[in-house]
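One-letter residues, chain by chain:
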Amino acid sequence: MKKLLTIMTAFGLLLMPLTIHAQADQRSTRTPPVSQPLVSEGDFAIDLVSVLNLGTPNDEVEAEDTLTSVGIAPRNGWIASYPLTPNIIGELKNAVTASADSRKLPMGKDDALRAFDGLATEYGLAVLPGAPGNYAGNQPQPNPADIDDYYSEEGPPVVTYYPPPPDYDYLYSWVPYAFWCSGFFFPGFFVLNDFNTIVVVNPHGHHHHHHHHHVITNHFIDPKTHTAFTVNPGSHAITKVSNGSRISQSSPQSFGGPVSCANCHGNDGSSKSSGNSHSYGSSSGGHGSSGFSGGSHGFGGSHR
């Protein structure tokens, strides 16, 4: 009996890695939720400085300045209160690679990318930029009823990878940026044209030492000049709003400190995007249905 028990125990230990591997595979192929986790660029910057061993910043501004000094920033600069989206994750990952190759980091490229990916995974933002390739079998098949229920119960998500129901369609801008998430390919994602929401930040205790509330928004007002700004979700560019017209700000800049939530300062809503029509495809003709056979509409053409 003792010999049999020993054999069974050994056999169980041999199977354990296979079981763990199977569970990992199951997690990696779970369909992403309707709403992407909301993480501000500023909060991500604070933790990224930490995991890259660049110091311990006191706030978002210091974190963004530290990262920018070693060449790590989105192409159009940091926007502290804007949510981290797949295209910005891709830009930051490329910047981390370039910074490590230039030996501006206190670690090698492999360690830096491992730290970056680990942080993104902790936040629930493990996306992998990439071309579609042979993705026919890797398209998510969302249940339209589940998506409708989410919008009815929770309201429109700020960032979502799935086509919104027709009644909410006009509220969103489509960003044609190809990426993979949880083993599924997405040709792009959707962002609300206008949003102000508050999230409680403390995703992992070893980075943030206390909970705090953070406004995530695409509206900003400079408290010194009282100038209103919005963010273009496709280009990640800051746009100045003046008397209802927009003036593009082409130079990269960080809005980590002196810019604040417009609604918190009694904004009259003049900075809102119209969002009356938009195209879900690229300018060259779109992506067609993009494999979302269960959805209420595809990605190609334009919707009103």
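Residues numbered from 1 in each chain as written. Predicted model: local features only at pLDDT ≥ 70, side-chain atom pairs only at ≥ 80, totals over all residues. Heavy atoms only, no water.

1. Observations regarding the pairing of strand E10 (residues 228-232)
As a reminder, the rule being used: Only protein chains enter the accessibility calculation, which uses a 1.4 Å probe; a residue is then buried when its area is under 20% of its type maximum, exposed when over 50%, and partly exposed in between. Runs of E in the DSSP output that reach at least two residues are strands. Runs of H or I that reach at least four are helices, and both are numbered from the N terminus. Two strands form a pair only when DSSP identifies at least two bridges running between them.
Taking burial as the measure, the five residues of E10 include four buried ones, the bulk of the element. Bridging between strand E9 (residues 219-221) and E10 involves three bridges; their strand directions are antiparallel. Its bridge partner lying in E10, His 219 is registered against Thr 230. The turn linking E9 back onto E10 is made up of six residues, and His 226 within it adopts a positive phi angle of 60°.

2. Points about the sheet that holds strand E6 (residues 189-192)
Reading across from one edge, E2-E6-E3 is the order of the three strands in this open sheet, with antiparallel pairing throughout. Single-partner strands in this sheet number two, and they are strand E2 (159-160) and strand E3 (172-175).

3. Topic: the packing of helix H2 (residues 41-51) against helix H3 (residues 60-69)
We apply this condition: An axis is simply a line fitted to the C-alpha atoms; with a helix, the fit covers only the stretch in contact. Between two such axes, the angle follows the N-to-C directions and lies from 0 to 180 degrees. What sets the label is the angle itself: under 35 degrees gives roughly parallel, over 145 gives roughly antiparallel, 65 to 115 gives roughly perpendicular, and the rest give oblique. Definitions for this section: a left-handed crossing has its near helix turned counterclockwise from the far helix by less than a right angle. A right-handed crossing has that turn clockwise. A contact between two residues is defined here by any heavy atoms of the two lying within 4.5 Å. Amino acids are sorted into nonpolar (Ala, Val, Leu, Ile, Met, Phe, Trp, Tyr, Cys and Pro), charged (Asp, Glu, Lys and Arg) and polar (every other residue, Gly among them).
With their axes 8 Å apart at the nearest point, H2 and H3 run at an angle of 60° to one another. By the angle class used here, H2 and H3 are oblique. Crossing handedness for the pair H2 and H3: left-handed. For the pair formed by H2 and H3, the contact residues are Gly 42, Asp 43, Ala 45, Ile 46, Leu 48 and Val 49 on the first element and Glu 60, Ala 63, Glu 64, Thr 66 and Leu 67 on the second. Split by residue class, the contact of H2 with H3 holds six nonpolar, two polar and three charged.

4. Quick look at the nonpolar core
Inclusion rule: Among buried residues, the Ala, Val, Leu, Ile, Met, Phe, Trp, Tyr and Cys ones that are joined through side-chain atoms within 4.5 Å form a nonpolar core.
Grouped together as the largest cluster of nonpolar side chains are 56 residues, with contacts concentrated most on Phe 44 and Ile 72. In terms of residues, this core owes the most to one element, helix H4 (residues 86-101), which gives six residues. Residues within four places of Phe 44 in sequence aside, it is in contact with Val 39, Leu 84, Leu 92, Phe 116, Leu 119, Ala 120 and Tyr 123.

5. Brief notes about the sheet that holds strand E5 (residues 184-186)
What the three strands build is an open sheet, ordered E1-E4-E5; its pairing is antiparallel. Both edges of this open sheet fall to strand E1 (127-129) and E5, since each of them pairs with a single strand only. Within the sheet, the average angular offset between the axes of one strand and its neighbour, ignoring direction, is 30°. One ladder, built from three bridges, connects strand E4 (residues 179-181) with E5; its direction is antiparallel. Within E5, the residue paired with Phe 179 across the bridge is Phe 186.

6. Focus on the layout of surface pockets
We apply this condition: Only protein atoms enter the 1 Å grid used here. Points where a 1.4 Å probe fits but cannot escape make up a cavity, open sets with protein on both sides within 12 Å along at least five of seven lines make up a pocket, and a residue lines them when an atom lies within 4 Å of a point. Grid points are joined across faces, edges and corners, and a volume is the space filled by probe spheres set on the points.
Taken as a whole, the largest pocket spans an internal volume of roughly 430 Å³. Together, 21 residues line the largest pocket, and Thr 121, Leu 125, Ala 126, Val 127 and Ser 182 are the ones closest to its centre. At four residues, helix H5 (residues 109-122) tops the list of elements feeding residues into the lining of the largest pocket. Its residues assigned to classes, the lining of the largest pocket comprises 13 nonpolar, five polar and three charged.

7. A few points about the packing of aromatic side chains
What counts is decided by this rule: Pairing of aromatic side chains requires ring centres within 6.5 Å, counting the rings of Phe and Tyr and the six-membered ring of Trp. Pairs whose planes differ by under 30 degrees are stacked, by over 60 edge-to-face, and all others tilted.
Inspection of every chain in the model, using the stated rule, returns 13 aromatic pairs. Residues Tyr 82 and Phe 195 carry aromatic rings whose centres are separated by 5.9 Å and whose planes lie at 45° to one another, so their mutual orientation is tilted. Remark: Phe 195 occurs in the loop between E6 and strand E7 (196-201) and Tyr 82 occurs in the loop between H3 and H4; sequence separation between them is 113 residues. The pair formed by Tyr 82 and Phe 195 is uniform in burial state, with each residue classed as buried.

8. Focus on the pattern of salt bridges
What counts here: Salt bridges, as used here, are contacts in which a Lys or Arg side-chain nitrogen is within 4 Å of a carboxyl oxygen on Asp or Glu.
In this structure the tally under the stated criterion is four salt bridges. Across the salt bridge formed by Asp 117 and Lys 93, the nearest N and O atoms sit 3.0 Å from each other. Taken together, the positions of Asp 117 in helix H5 and Lys 93 in helix H4 put the pair 24 residues apart, joining distant regions of the chain. Its relative accessible area of 31% is what places Asp 117 among the partly exposed residues.

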